[in-house]
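# Examination of the molecular architecture
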Amino acid sequence: MAASVSLLGAQASVAATPPPTAPPAAASDLAFRTTVPAAATAAGLRNQLNTWYERDGVIYVGLSSPTAAAQNALANRLDKPVKVFKEGPWTTAEKRTPATPGIKVIQEAPKSTATAKHAQVSKLSPLNLTPNGGPPYADILGTPWYGGDRIISYQTINGSPFWIECTTTGAYGSSYIMTGGHCAPTGTNWQQGYFDGTNVHTYGNVGNVATVQWGDNRTDSELVSGSTYSGFVYQSNQDGSVSARNIRGAATVAPGSSVCFDGSTTGWVCGATVGETNACAAVTEDGKTYTVCGLDIAQDPNAVIVEPGDSGGPVLANVTTDPTLGSVARIAGTISANNMNGHEGLFADVGYQVQIFGVSPALG
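Residues numbered from 1 in each chain as written. Predicted model: local features only at pLDDT ≥ 70, side-chain atom pairs only at ≥ 80, totals over all residues. Heavy atoms only, no water.

## Focus on unusual backbone geometry
- A cis geometry characterises the amide bond from Thr143 onward to Pro144, with omega recorded as 0°.
- Relative to the assigned elements, Pro144 resides in the loop between helix H3 (114-122) and strand E7 (145-147).
- Of note in this structure, Asp286 is not a glycine but carries a positive phi near 55°.
- Its location among the elements puts Asp286 in the loop between strand E18 (267-285) and strand E19 (288-299). (Helix = DSSP H or I, 4+ residues; strand = E, 2+ residues; numbered from the N terminus.)

Structure below.
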């Protein structure tokens with residue numbers, strides 16, 4: 001985890017709204033989260049352990065090199081049947097750029113007002129959103145911020161300065177916007193903006209990190225507060241334009257559900273299939289492995305769904321068209337990490353987010 005620093009000095013002084021009270025998770029829900037890593041360690045398999053979950057009374061364990069001997073070793077140490085399968089290592093999906101002295105921060109003026117932006121979005125028509133050299137969702141229109149916005153912060157990691165870029169999931173409650181918990185520590189200031197390969201461009205203050213869940217058997221999410229947010233997410237279109245989709249709350253997904261990933265690097269990609277829910281994973285960041293739980297797993301063998309910069313972006317389900325509201329969707333969770341060269345993605349389940357943080361995805 002990085003050290004907490006401000007991006008642009010005075011702009012980081014915006015007070016964060018106090019985090020909501022979090023109810024405790026049920027003990028029964030936590031059991032396999034800790035017993036599997038302990039069994040893997042005792043069996044000499046901890047460095048191979050990548051994913052684990054329980055379904056229908058069976059514990060499934062994803063190992064780098066699954067064997068019958070490994071399965072037996074784990075079964076001998078756990079009180080339930082065990083099945084092992086092949087799973088590669090998971091890596092977080094933030095984008096990092098060394099903060100060299102030559103990089104300038106250019107504060108751009110937003111190209112719209114909140115009223116004008118809402119009027120454009122209400123038409124559900126393509127928006128002129130992204131400047132040359134920017135990611136799909138460099139939100140030049142300004143506040144209120146939406147899900148899918150590219151966000152950037154200046155952080156010191158292991159003694160070295162970096163520009164970190166992630167994506168917003170969307171508005172939660174009336175005072176927050178969600179992103180990935182691994183993206184920044186509490187107190188970090190986020191700006192809406194991006195690095196174009198030469199300089200950093202910003203379009204406004206997104207807010208400060210109010211509370212973080214990351215590692216230690218927790219999920220991968222953080223709430224940001226200190227600006228204005230609205231219940232829409234951006235969607236990149238095949239013609240290169242961007243439109244906004246109205247959020248209608250949280251989605252419940254299960255194995256077999258179809259979802260859309262919407263990171264600010266990859267853009268809108270639909271067709272991934274949920275393989276498992278309520279899983280834990282060993283996720284690598286900064287050369288350290290974190291145990292992250294409350295995760296869902298989705299895969300698309302035909303398309304890349306997660307790339308660097310997508311961390312924190314929304315995963316959506318129930319994507320459809322409403323006769324009154326137009327393009328709508330529900331938030332299923334927050335992008336966390338990738339595997340299989342970006343064809344497999346982890347996302348923090350929205351149900352756990354609501355349980356932990358006490359706020360739900362805001363309606364558009």
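## Some thoughts on helix H2 (residues 68-75)
- Here H2 has its buried residues at Ala70, Ala73 and Leu74. Viewed along the axis of H2, the buried residues span an arc of 95°, placing them on a single side of the element. For H2, the exposed residues lying more than 90 degrees away from the buried face are Ala68 and Ala69. (Buried < 20%, exposed > 50% of the residue type's maximum accessible area, 1.4 Å probe, protein only. Arc of directions from axis to C-beta.)

## A look at the pairing of strand E22 (residues 344-349)
- Burial analysis of E22 places six of its six residues in the buried class, the great majority of the element.
- In this structure, E19 lies alongside E22, joined through five bridges in antiparallel fashion. Each bridged residue has a counterpart across the sheet, and for Asp296 the counterpart in E22 is Phe347.
- As consecutive antiparallel partners, strand E21 (residues 326-339) and E22 are separated by four residues, and within that stretch Met340 has a phi angle of approximately 55°, a positive value. (Pairing = 2+ DSSP bridges.)

## Observations concerning helix H4 (residues 350-357)
- By the burial criterion, the buried members of H4 are Val350, Tyr352, Gln353, Ile356 and Phe357. The buried residues of H4 all sit within an arc of 155° when viewed along its axis, so they share a single face.
- Structurally, the start of H4 carries an N-cap: the backbone nitrogen of Gly351 is 2.7 Å from a side-chain oxygen of Asp349.
- Taken from the residues just after H4, Gly358 is the one with a positive phi, measuring 75°. (Polar contact = N/O pair within 3.5 Å; in protein donor to acceptor, adjacent residues only side chain to side chain.)

## Thoughts on the packing of aromatic side chains
- For the structure shown, the criterion picks out seven aromatic pairs.
- Between the aromatic rings of Tyr146 and Phe232, the centroid separation amounts to 5.4 Å while the plane-to-plane angle is 40°, which identifies the pairing as tilted. Here Tyr146, found in strand E7, pairs with Phe232, found in strand E15 (residues 229-236); they are 86 residues apart in sequence, far enough to count as distant. An identical accessibility class is assigned to Tyr146 and Phe232; each is buried.
- On the numbers, 5.2 Å between centres and 70° between planes, the contact of Tyr154 with Trp163 is edge-to-face.
- Classification of Tyr154 by relative accessible area gives partly exposed; the value is 27%.
- Site record: aromatic cluster; members linked through ring pairs are Tyr53, Tyr60 and Phe85. (Phe/Tyr/Trp six-rings, centres within 6.5 Å; stacked < 30°, edge-to-face > 60°.)

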